[in-house]
Amino acid sequence: MTEFTSKLLEIITNIPYGKVTTYGRVAEIAGNPRAARQVSWTLRAYSNKYNLPWHRIINSKGTISLKRGQGFELQKSLLEEEGILVMENGRVDLREYLWNGDSHQKFE
DNA sequence: AACCTGACTTCGG
DNA sequence: TCCGAAGCCAGGT
């Protein structure tokens, strides 16, 4: 795999329990803010092999990208198991659960 | 090399 | 807020 991909894996592994982040944010931290699509590709390719917390990654709109019947339900339940509130339409409140990659979270 | 395809994003209307 | 279009990245054909 490319160096960029291994960087993505490292970042994904660091997403804390109970938090979510976006494809674009992961790509940005890895150094290429425009490689969001590559993040989704990477998840599909390595989630099983490296046991990645893939469910903690959602899109920039704050919703689950997977379609119903194709992983949506699984991702929703995995997030809820971590105490994350997920609307029926797959929306998550990013203001509350977003992990920015920083050590300190924003304070309201 | 060309073309298609996504678990994406941003921007306009 | 909610689409649609256009831009983008890399792997598969």
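Above this note sits the structure.
Residues numbered from 1 in each chain as written. Chains lettered and ligands numbered in written order. Predicted model: local features only at pLDDT ≥ 70, side-chain atom pairs only at ≥ 80, totals over all residues. Heavy atoms only, no water.

1. Considerations on the pattern of salt bridges
Item 1. Counted according to the given criterion, the structure contains five salt bridges.
Item 2. Across the pair Arg 25 and Glu 28 runs a salt bridge, and its minimum N-O distance is 3.3 Å. Here Glu 28 and Arg 25 lie together in helix H2 (residues 23-29), a separation of three residues that amounts to about one turn.
Item 3. Assessed through its relative accessible area of 42%, Glu 28 is described here as partly exposed.
Item 4. Salt-bridge contacts for Glu 80 lead to Lys 76; the nearest nitrogen and oxygen are separated by 2.9 Å. In this pair, Glu 80 and Lys 76 are both assigned in helix H4 (residues 72-81), four residues apart and thus about one turn of the helix distant. (Salt bridge = Lys/Arg side-chain N within 4 Å of Asp/Glu carboxyl O. Helix = DSSP H or I, 4+ residues; strand = E, 2+ residues; numbered from the N terminus. Buried < 20%, exposed > 50% of the residue type's maximum accessible area, 1.4 Å probe, protein only.)

2. Description of the protein's contact with DNA strand B
Item 1. Every one of the 13 residues lining DNA strand B counts as a neighbour, but Gly 24, Arg 37, Asn 59, Ser 60 and Ser 65 are closest to it.
Item 2. Near the protein, meaning within 4 Å, the atoms of DNA strand B are sugar or phosphate in a fraction of 45%, with bases accounting for the rest.
Item 3. A distance of 3.1 Å separates a base nitrogen of DNA strand B from a polar atom in the side chain of Tyr 23.
Item 4. Ser 60 is positioned such that a nitrogen or oxygen atom in its backbone is 2.8 Å from a phosphate oxygen of DNA strand B.
Item 5. Those elements giving two or more residues to the surface near DNA strand B turn out to be H2 and helix H3 (36-46).
Item 6. Broken down by element, the surface near DNA strand B gets its largest block of residues, five residues, from H3.
Item 7. When grouped by side-chain class, the residues that make up the surface near DNA strand B number five nonpolar, six polar and two charged. (Near = heavy atom within 4 Å. Polar contact = N/O pair within 3.5 Å; in protein donor to acceptor, adjacent residues only side chain to side chain. Nonpolar A, V, L, I, M, F, W, Y, C, P; charged D, E, K, R; others polar.)

3. A few points about the nonpolar core
Item 1. Judged by nonpolar contacts, the single largest core of 16 residues is most densely connected at Ile 12, Val 26, Val 39, Leu 43, Leu 52 and Ile 57.
Item 2. Within the residue set of this core, elements represented by two or more residues are helix H1 (3-13), H2 and H3.
Item 3. In terms of residue count, H1 provides more of this core than any other element does, four residues in total.
Item 4. Beyond its immediate stretch of four places on either side in the chain, Ile 12 contacts Val 26, Leu 43, Leu 52, Pro 53 and Ile 57.
Item 5. Of all hydrophobic cores here, the second largest spans nine residues; its members include Val 20, Ile 64, Phe 72 and Val 92. (Core = buried A, V, L, I, M, F, W, Y, C linked by side-chain atoms within 4.5 Å. Contact = heavy atoms within 4.5 Å.)

4. Things to note about the layout of surface pockets
Item 1. Looking at the largest pocket, its volume works out to about 470 Å³.
Item 2. Surrounding the largest pocket, 16 residues form its lining, Tyr 23, Ser 40, Leu 43, Arg 44 and Leu 66 being those nearest its centre.
Item 3. Here the lining of the largest pocket gets five residues from one element, more than from any other, and that element is H3.
Item 4. Residues that form the lining of the largest pocket fall into these classes: six nonpolar, seven polar and three charged. (1 Å grid on protein atoms, 1.4 Å probe; cavity = no way out; pocket = protein on both sides within 12 Å on 5 of 7 lines; lining within 4 Å. Points joined across faces, edges and corners; volume = space filled by probe spheres on them.)

Everything listed here is a matter of geometry and, on its own, says nothing about what the molecule does.
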